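# An overview of the molecular structure
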Amino acid sequence: MEAPFLDLKTPNRALKAEIMACWEEILDTAHFVGGKYLDLFEQEFAKACSVKECIAVSSGTDALKLIFKALELQSGHEVITVPNTFIATTEAISQAGGTIKFVDIDPDTYTIDVSKIEAAITSNTRGIVPVHLYGQMADMDPILDIAKRYDLWIVEDACQAHLAEYKGRRAGSIGRAAAFSFYPGKNLGACGEAGAITTHDRELAQKVRVLRDHGQARKYHHEYEGYNDRCDALQAAALTVKLNHVPQWNEMRRKNAQLYVDHLQQVAGITLPVISKYCLPVFHLFVIQVDNRDRVMTELDKRGVKTGLHYPIPLHLQKAYQHLKIPVGSFPVTEKCAPRLLSLPMYPELTPAQISYVSDCLQEILGSSS
Ligand SMILES: *Cc1c(COP(=O)(O)O)cnc(C)c1O
């Protein structure tokens, strides 16, 4: 028995004919940029996220960057986010001209610790970027309250949380705007690179639309310098076909997560994911904590079980952020979790037999650890 970390082939096989029909039409009409599939995907994804506006772009990283640019982030402006996230979150803040301000994570949910946000706010703070990590949403109500009191915007990093819910509200519909990634391994994955911005704010949406296309609303009439951050028609068509299946895929992920919990709750030495009552998670990843994580990972690998690390080095301790001069010990929860986190195989097509096999392997490995 084997358990790969991801299975990107099976869903594409099932949808191949449908996707190829769209791609053939795009080839025949040569509508490679923009066109009906882009419009259709933007409409459908906006509906799926319960927002007024969706702007499809070239990646999740670009989605974040375009939002910050549209919000006129400037040198000296501080943006609050977490050190346990993918570097794209902070790359976008810096590259849009802002300053990164980290706040530690909650030890149970691994999302931003809302009790620590206020202490990080200064007169230069402009916004908060909660990251809905591993498919679970940050505790948005307290964040909304803080943002209101200090007049800050909220940009959701929803790159791991397609169609997740917080108290019945969809990821991407709560903040001023949100960024989604359709990198192939995400819950909704393109056949290449793509991302999207969602928002209720029509003015912001219009600004992002113009920024994504060289700052032009009319061809060769540039309101400002923008970017080439468009989403191409081939990706939009594939995403439209796949979007129909995301609710069912998320349901399968939740079933798989429950199966893992059923098997692993008796195994000593494992910290299971804690899902808050307020959240309907979408399990982009199924992340546990174990002692001697690297040994466990190697032993699982020997048994054909592939795992991942999200994320092994906290961002404030990365070489890329040496210049921020943030000492070790600054974010103790993140630092304590980083060497213990282990992402198990998680995708809709994972079988009960594979989950049972992964669990048995873990039991065997952890049982022999002392
Ligand atoms: C994947 C991801 C991104 C970046 O998305 P890309 O499409 O790869 O640019 C940003 N933030 C988080 C939390 C992610 O997981």
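Residues numbered from 1 in each chain as written. Predicted model: local features only at pLDDT ≥ 70, side-chain atom pairs only at ≥ 80, totals over all residues. Heavy atoms only, no water.

Let's shift gears to a nonpolar patch on the surface. Taken together, Leu 27, Phe 32 and Val 33 make up a surface patch of nonpolar side chains, about 300 Å² in accessible area. Tracing the backbone shows Phe 32 in the loop between helix H1 (9-29) and helix H2 (36-48). (Patch = residues over 30% accessible without salt bridge, like charges linked within 9 Å, V, L, I, M, F, W, Y side chains within 5 Å. Areas by Shrake-Rupley, 256 points an atom, 1.4 Å probe, with all protein chains shown as cover. Salt bridge = Lys/Arg side-chain N within 4 Å of Asp/Glu carboxyl O. Helix = DSSP H or I, 4+ residues; strand = E, 2+ residues; numbered from the N terminus.)

Quick look at the sheet that holds strand E8 (residues 177-181) now. Judged by pairing direction, the sheet is mixed, and its 7 strands sit side by side in the order E1-E9-E8-E5-E4-E2-E3 without closing on themselves. Two strands in the sheet have a free side with no partner beyond their single neighbour: strand E1 (53-57) and strand E3 (99-102). Across the sheet, the axes of successive neighbouring strands diverge by a mean angle of 25°, strand direction being ignored. Sitting on the sheet, helix H3 (residues 60-70) is in contact with E1, strand E5 (153-157), E8 and strand E9 (195-199), with an inclination near 160° to E8. Strands in contact with helix H4 (residues 88-95) are strand E2 (78-81), E3 and E5; relative to E3, the strand with the most contacts, it is inclined by about 140°. (Pairing = 2+ DSSP bridges. Axes fitted to C-alpha atoms, helices over the stretch in contact; angles between N-to-C directions. Contact = heavy atoms within 4.5 Å.)

Looking now at the domain arrangement of the protein chain. Assigned domains of the protein chain: these are domain 1 (9-243) and domain 2 (246-368). Taking the mean C-alpha position of each, domain 1 and domain 2 sit 24 Å from one another. Each side of the interface is counted separately: domain 1 has 44 residues, and domain 2 has 34 residues. Of the roughly 3300 Å² buried at the junction of domain 1 and domain 2 (both faces included), carbon and sulfur atoms supply 62%. Counting every contact that joins domain 1 to domain 2 gives 0 salt bridges. Joining domain 1 to domain 2, the criterion identifies 21 residue pairs in polar contact (both at pLDDT 80 or more). For the side of domain 1 that touches domain 2, the secondary structure elements donating two or more residues are H1, H4, E3, strand E6 (165-166) and helix H7 (233-243). Residues belonging to the side of domain 1 that touches domain 2 are distributed by class as follows: 22 nonpolar, 12 polar and 10 charged. (Domains from an automatic or database assignment. Buried area = accessible area lost by both parts, 1.4 Å probe. Polar contact = N/O pair within 3.5 Å; in protein donor to acceptor, adjacent residues only side chain to side chain. Nonpolar A, V, L, I, M, F, W, Y, C, P; charged D, E, K, R; others polar.)

Quick look at the packing of H2 against H7 now. Geometry of a packed helix pair, given as the angle between the helix axes and the separation of the axes. In contact at an axis separation of 8 Å, H2 and H7 are set at 40° when each is read in the N-to-C sense. One finds that H2 runs oblique with respect to H7. As for how H2 packs across H7, the hand of that crossing is left-handed. For the pair H2 and H7, the contacting residues are Tyr 37, Leu 38, Leu 40, Phe 41, Glu 44, Phe 45 and Ala 48 in the first and Ala 233, Ala 236, Ala 237, Leu 239, Thr 240 and Leu 243 in the second. Across the contact of H2 with H7, the residue classes break down as 11 nonpolar, 1 polar and 1 charged. (Parallel < 35°, antiparallel > 145°, perpendicular 65-115°, else oblique. Left-handed = near helix turned anticlockwise from the far one by under 90°.)

So, on to the pairing of strand E4 (residues 125-128). Of the strand pairs in this sheet, E2 and E4 are connected by 3 bridges, and their pairing is parallel. If you follow Val 79 over to E4, its bridge partner there is Gly 127.

Turning our attention to the packing of aromatic side chains. Using the criterion set out here, one finds 11 aromatic pairs in the structure. Geometrically, the ring pair formed by Tyr 260 and Phe 286 is stacked, given 4.7 Å between the ring centres and 20° between the ring planes. Taken together, the residues span a long stretch of sequence, with Tyr 260 in helix H8 (residues 246-264) and Phe 286 in strand E13 (residues 286-289) at a distance of 26 residues. In terms of burial, Tyr 260 and Phe 286 fall into one category: buried. Aromatic rings pair up to connect Phe 41, Phe 45, Phe 180 and Phe 182 into one cluster. (Phe/Tyr/Trp six-rings, centres within 6.5 Å; stacked < 30°, edge-to-face > 60°. Buried < 20%, exposed > 50% of the residue type's maximum accessible area, 1.4 Å probe, protein only.)

Turning our eyes to something else, we now look at the site of the ligand. Neighbouring the ligand are 13 residues, the closest being Gly 60, Thr 61, Gln 160, Ser 181 and Lys 186. The contact in question runs from a nitrogen atom of the ligand to an N or O atom on the side chain of Asp 157, over 2.9 Å. Lys 186 is positioned with one of its side-chain polar atoms (N or O) 3.0 Å from an oxygen atom of the ligand. Here the ligand has 380 Å² of accessible area as a free molecule, and 93% of this is covered by the chains. Mapped onto the shell around the ligand, the elements with two or more residues apiece are H3 and H4. (Near = heavy atom within 4 Å.)

Before going further, it helps to spend a moment on helix H5 (residues 140-150). For H5, the set of buried residues is Met 140, Ile 143, Ile 146 and Ala 147. Projected down its long axis, H5 carries its buried residues within an arc of 125°, all on one side. Those residues of H5 that are buried are in contact with E4, E5 and E6. Following H5 by one or two positions, Asp 151 adopts a phi angle in the positive range, close to 55°. (Arc of directions from axis to C-beta.)

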